[in-house]
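Structure assessment
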Amino acid sequence: LAKHPEIKALMKPDYNLIWVVVLMVLAQLTAFYLVKDLDWKWVIFWAYVFGSCISHSMTLAIHEISHNSAFGNSKAMWNRWFGIFANLPLGLPYSISFKRYHMDHHRYLGGDGIDVDIPTNFEGWFFCTRFRKFIWIVLQPFFYAIRPLCINPKPITRLEIINLLAQLLFDVVIYYLWGLKSTFYMLAGSVLGLGLHPISGHFIAEHYMFLKGHETYSYYGPLNLLTFNVGYHNEHHDFPNIPGKSLPLVKKIAAEYYDNLPQYNSWIKVLYDFVMDDTISPYSRMKRQLKGEVKQD
């Protein structure tokens, strides 16, 4: 910032995010209707080919919203309510809890017992062979759901209860209106999209140490178009209050800080390398013992 103070001008909400999220919700509602009378094989096919992409993209829209990118920091509660709305087509309550834990990830990256992005000791111990690492990738949604309860459980808040009740009501309405196939499409798309899927390469690409001494990596490929530029991950951790839309400008303005860092060109290759490289496992993360006062949401 001292060298490039113009970056401060990028620290503002991305109001286009609001309309993109609304259109994504409408797209999924349309898909719920269209699959209700299809054969099961086509429901499964479209859940993976289309629904999974929209669902994973929506989780990253929720990531943006958790940083108050939709309405700005001055309207924090607007962002929380909008996150609950964006959560609806995922089928599983996610938005409010994600925000609470994700802020810890930014404040205390790698913090032992705080950052629930760090795999548990069991994950590192058990998923150590190529086949087991493949299964671990498939089961990533499961581990991301239960890991906070194992590492850093927090008291349930009123907003989390509202998130849960709103989601249950939405799911019941979808089942009542369009039946089991639409409900299955919704839930399967979320699980498949966060598991063995090209976009899921970002989970591993962001912080797994493929190179010693390099903890965070960026990806500058085309899948950023579906993921709100989450691939610009060094830039995001440097400036978490800048919306994803503007992160390419951060890299352009401060190119001398980012161009020479290790980076990825393919999230699919990241998944392949993670499975096939016997020196990489869920243990391949930087873990820190935190000192001093720790403040959590």
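What you see is a predicted model, and the numbers here were worked out from it, not measured in a lab. (Residues numbered from 1 in each chain as written. Predicted model: local features only at pLDDT ≥ 70, side-chain atom pairs only at ≥ 80, totals over all residues. Heavy atoms only, no water.)

1. Some thoughts on unusual backbone geometry
The residue N68 is not glycine, and still its phi comes out positive at about 60°. As for its position among the elements, N68 is in the loop between α2 (40-66) and α3 (76-87). A relative accessible area of 11% means that N68 is categorised as buried. In this model, N229 sits at a positive phi of 60°, which is unusual for a non-glycine residue. (Helix = DSSP H or I, 4+ residues; strand = E, 2+ residues; numbered from the N terminus. Buried < 20%, exposed > 50% of the residue type's maximum accessible area, 1.4 Å probe, protein only.)

2. Digging into the UniProt feature "transmembrane region" (unreviewed entry) in the protein chain
Feature annotation in UniProt assigns "transmembrane region" (unreviewed entry) to the following positions: residues 17-35, 42-61, 81-98, 161-178 and 184-205. Helix makes up 61% of residues 81-98 and strand 0%, and the two end C-alpha atoms of the span are 14 Å apart. Here residues 184-205 runs as 68% helix and 0% strand, with 29 Å between its end C-alpha atoms. (UniProt positions renumbered as here; feature names shortened; annotations may be inferred.)

3. Here's the deal with the packing of aromatic side chains
Within this structure, the stated rule accounts for 24 aromatic pairs. Between the aromatic rings of F32 and Y185, the centroid separation amounts to 5.8 Å while the plane-to-plane angle is 75°, which identifies the pairing as edge-to-face. Taken together, the positions of F32 in helix α1 (residues 16-34) and Y185 in helix α9 (residues 180-193) put the pair 153 residues apart, joining distant regions of the chain. The exposure class assigned to F32 is buried, which follows from its relative accessible area of 0%. When the centroid spacing of 6.0 Å and the interplanar angle of 50° are considered together, the rings of F122 and W125 count as tilted. (Phe/Tyr/Trp six-rings, centres within 6.5 Å; stacked < 30°, edge-to-face > 60°.)

4. Re the nonpolar core
Formed by 36 residues in total, the largest nonpolar core has its most connected members in V21, M58, W136 and I204. For this core, the elements supplying multiple residues, two or more each, are α1, α2, α3, α6 (130-138), α10 (201-207) and α14 (267-276). Residues contacting V21, with those up to four places away along its chain left out, are M58, A61, I65, F82, F85 and A86. Within the second largest apolar cluster, eleven residues are counted, among which are A31, I174, Y185 and A188. (Core = buried A, V, L, I, M, F, W, Y, C linked by side-chain atoms within 4.5 Å. Contact = heavy atoms within 4.5 Å.)

5. Points about α6
The complete set of buried residues in α6 reads K133, W136 and I137. All buried residues of α6 fall inside an arc of 100° around its axis, so they share one side. (Arc of directions from axis to C-beta.)

6. Digging into the packing of α1 against helix α8 (residues 158-178)
Angle between the axes and distance between the axes: these two values describe a pair of packed helices. Running from N to C, α1 and α8 cross one another at 35°; their axes reach a closest spacing of 10 Å. Where α1 crosses over α8, the handedness of that crossing is right-handed. Residues L29, F32 and Y33 of α1 pack against F170, I174 and W178 of α8. Its residues assigned to classes, the contact of α1 with α8 shows six nonpolar, no polar and no charged. (Axes fitted to C-alpha atoms, helices over the stretch in contact; angles between N-to-C directions. Left-handed = near helix turned anticlockwise from the far one by under 90°. Nonpolar A, V, L, I, M, F, W, Y, C, P; charged D, E, K, R; others polar.)

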